[in-house]
Amino acid sequence: KKRPKLVIGFAAETEKLLTSASAKRKAKNCDIIVANDVSGGKGFDGDDNQVTLISARGNEAWPKMSKEKIAEKLTDYIFCHPGFIPGSQATQRSGSRSPIKSGMTTKGKKK
């Protein structure tokens, strides 16, 4: 089976957030892991969360925000950072806006 161009994983960790999530990213061959600390029940019951994106490029901690905002920001991050989707328009247009925000579908057609 052919590997997708982009693999994003999610890691809900109770201890050693960065170490555990980084190991999971490598073991599962993910391009990005979205890691969050769920110790003490954090992350599951509320509407807000705090995540760290972990990739081969490094770690990027995001401030606490709504889960909906995290989803929007992750979408923007994927489409606006060259190199995560080989051969895509996003890799050819550094700094471009997300097609979702610009009224385009992910297949490049107008909504």
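Residues numbered from 1 in each chain as written. Predicted model: local features only at pLDDT ≥ 70, side-chain atom pairs only at ≥ 80, totals over all residues. Heavy atoms only, no water.

Draft legend 1. The sheet that holds strand β1 (residues 8-13), seen in detail. Taking strand neighbours across the sheet as the criterion, the four strands line up as β1-β2-β4-β5 in an open arrangement whose pairing is mixed. Edge strands, defined here as strands with exactly one partner in the open sheet, are β1 and β5 (58-61). Between one strand and the next, the sheet's axes are offset by a mean angle of 20°, whatever the strand orientation. Where strand β2 (residues 32-37) and strand β4 (residues 51-55) come together, five bridges link them in antiparallel fashion. Looking at β4, one finds that Ile 32 is bridged to Ser 55. Each of β1, β2, β4 and β5 touches helix α1 (residues 17-27); the most contacted strand, β2, lies at about 150° to it. (Pairing = 2+ DSSP bridges. Helix = DSSP H or I, 4+ residues; strand = E, 2+ residues; numbered from the N terminus. Axes fitted to C-alpha atoms, helices over the stretch in contact; angles between N-to-C directions. Contact = heavy atoms within 4.5 Å.)

Draft legend 2. Molecular detail of the packing of aromatic side chains. On inspection of all chains with the given rule, the structure shows one aromatic pair. Seen in terms of ring centroids, Trp 62 and Tyr 77 are 6.2 Å apart; in terms of plane orientation they differ by 65°. Their pairing is edge-to-face. Taken together, the positions of Trp 62 in the loop between β5 and β6 (65-66) and Tyr 77 in helix α2 (residues 67-80) put the pair 15 residues apart, joining distant regions of the chain. The class of Trp 62 is buried, set by a relative accessible area of 2%. (Phe/Tyr/Trp six-rings, centres within 6.5 Å; stacked < 30°, edge-to-face > 60°. Buried < 20%, exposed > 50% of the residue type's maximum accessible area, 1.4 Å probe, protein only.)

Draft legend 3. Highlighting the pattern of salt bridges. Enumeration according to the criterion identifies two salt bridges in this entry. Ionic pairing is found between Arg 3 and Asp 31, a salt bridge with its closest N-O pair at 3.0 Å. Highlighted residues: Arg 3 in the segment before β1 and Asp 31 in the loop between α1 and β2, separated in sequence by 28 residues. According to the relative accessible area criterion, Arg 3 is partly exposed, its value standing at 35%. Here Glu 13 ties to Lys 24 by a salt bridge, and the two come within 3.1 Å at their closest N and O atoms. Placement of the pair is Glu 13 in strand β1 and Lys 24 in helix α1, with a sequence separation of 11 residues. Assessed through its relative accessible area of 11%, Glu 13 is described here as buried. (Salt bridge = Lys/Arg side-chain N within 4 Å of Asp/Glu carboxyl O.)

Draft legend 4. Geometry of the environment of Arg 57. Secondary-structure assignment places Arg 57 in the loop between β4 and β5. On a C-alpha basis, the gap between Arg 57 and Asp 31 in space is 9.5 Å, while along the polypeptide they are 26 residues apart.

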